[in-house]
Amino acid sequence: MRTILIALVVAMPLATTPAIADDSLCKKLGGGDAISTVVKSFLSKMRKDDPDKLGRFWLYRGEDGVQREEQLIVDFVQSATGCDRLYVGRNMTDAHKGMKLSKKDWERTVGFLRATLDDYKVPSALQDDVVALVGTTRSQIVECEADRFGCP
Ligand code: HEM
């Protein structure tokens, strides 16, 4: 009897807590699948960029590594926006250390992000929320404030 009671007490909050909160960015953006579609489209823009700009990071990369990275970024964004998703990748500092990402690289990335959100007709106030959330990672990713691609 005691075991049943303990099981009920543990299970009840799980049963009553919605997995994805109504006011979460995940919900506002249309859920995990919508986020996955948008992130994949955004990454495709990044990969197709000129080789002397952001495209330099995807020159000669193996297909499997690129797919792994894509899935991790989808997981990261789903998790950060409040979808019921576990991110098991590295932290942003370790994942980008030594890539010499500059202010200019960052600004171009945000430009691609906005363009992708435009493609999917995401309203500008919601875009601002997404850009602000992604912006919380900037200090862990950007290594210099140079106004050129890459740091010297
Ligand atoms: C500023 C431009 C960015 C560039 C050029 C860039 C590039 C990359 C590259 C090349 C990798 C693969 C690293 C590897 O395989 O070792 C990577 C991994 C990753 N990036 Fe970025 N990134 C950028 C910004 C961001 C932002 C803003 C986020 C989050 C919102 C992010 C999230 C991730 C994640 C989750 C991984 C996978 C980590 C892991 O392998 O454990 N990146 N990034």
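For the structure, see preceding data.
None of the values given here were measured: they were computed from a predicted structure. (Residues numbered from 1 in each chain as written. Predicted model: local features only at pLDDT ≥ 70, side-chain atom pairs only at ≥ 80, totals over all residues.)

J.: Please explain the site of the ligand as it appears in this structure.
T.: In the vicinity of the ligand there are 18 residues, among which L72, F76, G89, R90 and A95 approach most closely. Its residues placed into classes, the shell around the ligand shows 10 nonpolar, 5 polar and 3 charged. (Near = placed C-beta within 6 Å. Nonpolar A, V, L, I, M, F, W, Y, C, P; charged D, E, K, R; others polar.)

J.: How should I be thinking about the packing of helix α3 (residues 32-47) against helix α6 (residues 103-119) in this particular structure?
T.: For any two helices packed against each other, the geometry comes down to the angle between their axes and how far apart the axes lie. Direction vectors running N to C along α3 and α6 enclose 135°, while the axes themselves pass 9 Å from each other. Considering their axes alone, α3 and α6 lie oblique with respect to each other. Read as a crossing pair, α3 and α6 show a hand that is right-handed. Listed contacts from α6 to V38, S41, F42, K45 and M46 of α3 are T109, F112, L113, A115, T116, L117 and D119. The residue makeup of the contact of α3 with α6, split by class, is 7 nonpolar, 3 polar and 2 charged. (Axes fitted to C-alpha atoms, helices over the stretch in contact; angles between N-to-C directions. Helix = DSSP H or I, 4+ residues; strand = E, 2+ residues; numbered from the N terminus. Parallel < 35°, antiparallel > 145°, perpendicular 65-115°, else oblique. Left-handed = near helix turned anticlockwise from the far one by under 90°. Contact = placed C-beta atoms within 7 Å.)

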